[in-house]
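Overview (structure and organization)
Chain by chain, the residues run as shown.
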Amino acid sequence: MSMSSDRFAFSANSGDDLLVIMLESTKIHTPSQMSRVFDIAKDTVLFLLLSCYYILESLFWTLMPNAIRPMKNLKGDVVVVTGAGGGVGRHLSIKLARLGAKVVAWDINKEALQKTCTTLTDEGYEVASYIVDLADRASVYNTAEKVKKEVGKVDMLINNAGTVFGETLLELSDAAIETTYKVNILSHYWTVKAFLPDMIKSGKGHIVTVGSVAGLLGTYRCTDYSATKFATVGFHESLFTELRAHGHNTIYATLVCPYYINTGMFDGVSPRLMPMLEPDYVAETMIDSIRKNEVNCVMPGSVRYLLPLKCLLPAKMCWDLMHRVMKGPQSMMDLKKKPNLA
Ligand SMILES: NC(=O)c1ccc[n+]([C@@H]2O[C@H](COP(=O)([O-])OP(=O)(O)OC[C@H]3O[C@@H](n4cnc5c(N)ncnc54)[C@H](O)[C@@H]3O)[C@@H](O)[C@H]2O)c1
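Residues numbered from 1 in each chain as written. Predicted model: local features only at pLDDT ≥ 70, side-chain atom pairs only at ≥ 80, totals over all residues.

Comments concerning the environment of Tyr259
The line we're drawing: Helix numbering and strand numbering both begin at the N terminus, where a helix is a DSSP run of H or I of at least 4 residues and a strand a DSSP run of E of at least 2. Exposure in this text rests on C-beta crowding, where 20 or more other C-beta atoms within 10 Å of a residue's own make it buried, 12 or fewer make it exposed, and counts in between make it partly exposed. The C-beta atoms are placed from the backbone.
Examined against the element boundaries, Tyr259 turns out to sit in the loop between β8 (251-258) and α7 (279-291). Exposure remark for Tyr259: the 19 C-beta atoms within 10 Å place this residue in the partly exposed category. Measuring from C-alpha to C-alpha, the distance between Tyr259 and Asp280 comes to 14 Å, with 21 residues separating the pair along the chain.

Observations concerning the pairing of strand β5 (residues 127-131)
Sheet faces and side chains relate simply in a regular strand, where the side chains alternate between the two faces. Let me state the cut-off plainly: Pairing between strands requires that DSSP locate at least two bridges from one strand to the other. The crossover handedness rule: strands pointing away from the viewer, path from first strand over the helix to second strand clockwise, crossover right-handed.
Sheet topology places strand β4 (residues 102-107) next to β5; five bridges connect them, and they run parallel. Opposite Val104, over in β5, you have Ala128 as the bridge partner. Taken together, β4, helix α3 (residues 110-122) and β5 form a β-α-β motif whose crossover is right-handed.

Regarding the nonpolar core
Going by this rule: The nonpolar core criterion groups buried Ala, Val, Leu, Ile, Met, Phe, Trp, Tyr and Cys residues into a set whenever they are joined through C-beta atoms within 7 Å. Any two residues are considered in contact once their C-beta atoms, placed from the backbone, lie within 7 Å.
Ranked by internal contacts, the top residues of the largest apolar core, which has 67 residues, are Val79, Val80, Val81, Val103 and Ala105. Leave out the neighbours within four places in its chain, and Ala105 touches Val81, Ala84, Ser93, Leu113, Thr116, Cys117, Val127 and Ser129.

Some thoughts on the packing of helix α2 (residues 87-98) against α3
Helix packing for two helices is described by the angle between their axes and how far apart those axes are. Our working rule: To obtain an axis, a line is fitted to C-alpha atoms, over the contacting stretch when the element is a helix, and the angle between two such axes runs from 0 to 180 degrees between their N-to-C directions. Geometric relationships in this document are graded by angle, where less than 35 degrees denotes roughly parallel, more than 145 denotes roughly antiparallel, 65 to 115 denotes roughly perpendicular, and other angles denote oblique. Take the far helix as the reference: if the near one is turned anticlockwise from it by less than a right angle, the crossing is left-handed, and if turned clockwise, right-handed.
Where α2 meets α3, the axes come as close as 10 Å, and the angle between the chain directions of the two elements is 20°. Between α2 and α3, the angle falls in the class roughly parallel. Between α2 and α3 lies a crossing of right-handed hand. Contacts from Arg90, Ser93, Ile94 and Ala97 of α2 reach α3 at Thr116, Thr119 and Leu120.

Description of the site of the ligand
As a reminder, the rule being used: Nearness between a residue and a molecule or strand is assessed with a C-beta atom placed from the backbone; a distance within 6 Å qualifies. Classification convention: Asp, Glu, Lys, Arg as charged; Ala, Val, Leu, Ile, Met, Phe, Trp, Tyr, Cys, Pro as nonpolar; all other residues, Gly among them, as polar.
Lining the immediate environment of the ligand, one finds 28 residues, of which Gly83, Gly86, Gly162, Thr263 and Met265 sit closest. Looking at the shell around the ligand, the element that brings in the most residues is α2, giving three residues. Looking at the shell around the ligand, its residues break down into 14 nonpolar, twelve polar and two charged.

A closer look at the packing of α2 against α7
Interaxial distance between α2 and α7 falls to 8 Å at its minimum, and their mutual angle equals 50°. By the angle between their axes, α2 is oblique relative to α7. The two elements α2 and α7 meet at a crossing, and its hand is right-handed. Residues Gly87, Val88, His91, Leu92, Lys95 and Leu96 of α2 pack against Pro279, Asp280, Val282, Ala283, Glu284, Met286 and Ile287 of α7. Across the contact of α2 with α7, the residue classes tally to eight nonpolar, two polar and three charged.

Here we look at the domain arrangement of the chain
Reports of interface size often rely on the accessible area that becomes lost once the parts have come together. Worth spelling out the cut-off: An automatic or database domain assignment supplies the residue ranges for each domain.
The domains assigned to the chain are domain 1 (3-63) and domain 2 (75-332). Placing a centre on the C-alpha atoms of domain 1 and another on those of domain 2 gives a separation of 45 Å.

Side note on unusual backbone geometry
Backbone torsion omega between Met299 and Pro300 reads -10°, so that peptide bond is classified as cis. Mapped onto the secondary structure, Pro300 falls in the loop between β9 (296-299) and α8 (303-306). Residue Asn293 is not a glycine yet carries a positive backbone phi of 55°. Within the secondary structure layout, Asn293 lies in the loop between α7 and β9. The class of Asn293 is partly exposed, set by 13 C-beta atoms lying within 10 Å. Although it is not a glycine, Lys327 sits at a positive phi angle of roughly 55°. Structurally, Lys327 is set in the loop between α10 (315-325) and α11 (328-332).

Topic: the environment of Tyr181
One can find Tyr181 in helix α5 (residues 174-202). When the C-alpha positions of Tyr181 and Ala227 are compared, they lie 8.5 Å apart, and in sequence the two are 46 residues distant. Residues within four places of Tyr181 in sequence aside, it is in contact with Leu186 and Thr228.

Quick word on the sheet that holds strand β7 (residues 205-210)
Taken in spatial order, the seven strands line up as β5-β4-β3-β6-β7-β8-β9 in an open sheet, and their pairing is parallel. The two strands at the open ends of the sheet, each matched to only one other strand, are β5 and β9. Averaged over all adjacent pairs, the angle separating strand axes in this sheet is 15°, with direction ignored. Each of β4 and β5 touches α3; the most contacted strand, β5, lies at about 180° to it. Helix α6 (residues 223-245) rests against β7 and β8 of the sheet, and its axis sits at about 160° to β8.

Examining the pairing of β9
Inspection of the sheet shows β8 paired to β9 by four bridges, in the parallel sense. Bridge pairing in β9 links Leu255 to Asn296.

Some points on the environment of Leu239
Secondary-structure assignment places Leu239 in helix α6. Remark: the alpha-carbon pair of Leu239 and Ala253, spanning 14 residues in sequence, is separated by 7.8 Å. Discounting chain neighbours no more than four positions away, the residues touching Leu239 are Val192, Ile207 and Ala253.

With respect to helix α4 (residues 137-150)
For clarity, the cut-off: Expected span, for any helix, means 1.5 Å times one less than how many residues it has. An arc is given here, and it is the one of the directions from the helix axis to the C-beta atoms.
Counted at 1.5 Å a residue, the expected span for α4 with its 14 residues is 20 Å, and the 20 Å between its end C-alpha atoms agrees. Taken together, the buried positions of α4 are Val140, Thr143, Ala144 and Val147. Along the axis of α4, the buried positions cluster into a sector of 105°, meaning they face one direction only. Seen from the open side of α4, the exposed residues pointing more than 90 degrees away from its buried face are Ala138, Glu145, Lys149 and Glu150. Turning to α4, the residues buried within the fold contact β3 (78-82), β4, β5 and α5. Just downstream of α4, Gly152 is the residue with a positive phi angle, here 120°.

Structure, rendered in structure tokens:
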């Protein structure tokens, strides 16, 4: 490698004491620098070649219908689903049980959890259920220990539970903000810390993080909710890099970011351009994505193409698109207030 350095040297000349300003231009070639450049060039060429392979591989799998594609077998796998009493959680639990998984259902809402369990037992499936407040770290750790003792090693963790208050920043109570953070993101740390070590030990595991499109685009009346969902993206991406950097290549991580779902969480909202997704479709798509060991799952897929615009377009244009064309903030104004459970 050649490196040039410009140096000014001040020296007193013996004859006339003149200040001489010398400009030195030096070219340095050392073997270690040459090998560094060679290494970078080699890795870049390898990366470009592999990229061609990855793009072709991705196209191949995208074009192949699920019906003929090899999918991960979940038979006998122990799967913890948080928020299993809710709209998406219930559909997930039922579909996972039908695929042969042993569902471990978590929720704070006893009645809702009971409803999920009754549906499962009526269909002849076994289910283990636990009432747990995800906002309470000790309760999460204690319940995780119980699961390990009573059910066994957990093969998959689906951090699905979530909460939204739907207030503007100045309306939100401090307690509500804290609850949103505790349920929507902090609980992910406690559950993953509880179950990941055994997954690593056995060389088999899958961590599923349920985010939201509101975690990719800031949303009106969601300063707490959106911020925690943005945090789920960072959590998932960092966890993924840690798993791969440490060679845990058989522990998978999937981030799921759905658009509005018709579960009641965003009751009253009527989006202008795209109808809400149905929870059955969301659960089905999520399970397909998990069984393909996908890293990211955005629903509907078309949203993925809109997201880069956020960085490319002028901010005024984005705001105009959101509020004039999509009427996002206006539709969120109709969100029915939730009882303050914080
Ligand atoms: N509904 C949507 O429009 C939408 C859109 C994008 C992402 N999501 C996300 O999808 C996931 C599922 O949402 P949903 O629509 O099924 O919601 P939901 O409200 O129907 O279900 C959420 C479940 O989480 C449980 N829960 C809440 N707080 C809890 C706590 N402290 N401890 C234990 N359980 C708790 C609730 O009791 C409920 O059963 C959430 O993470 C949500 O943020 C939802």
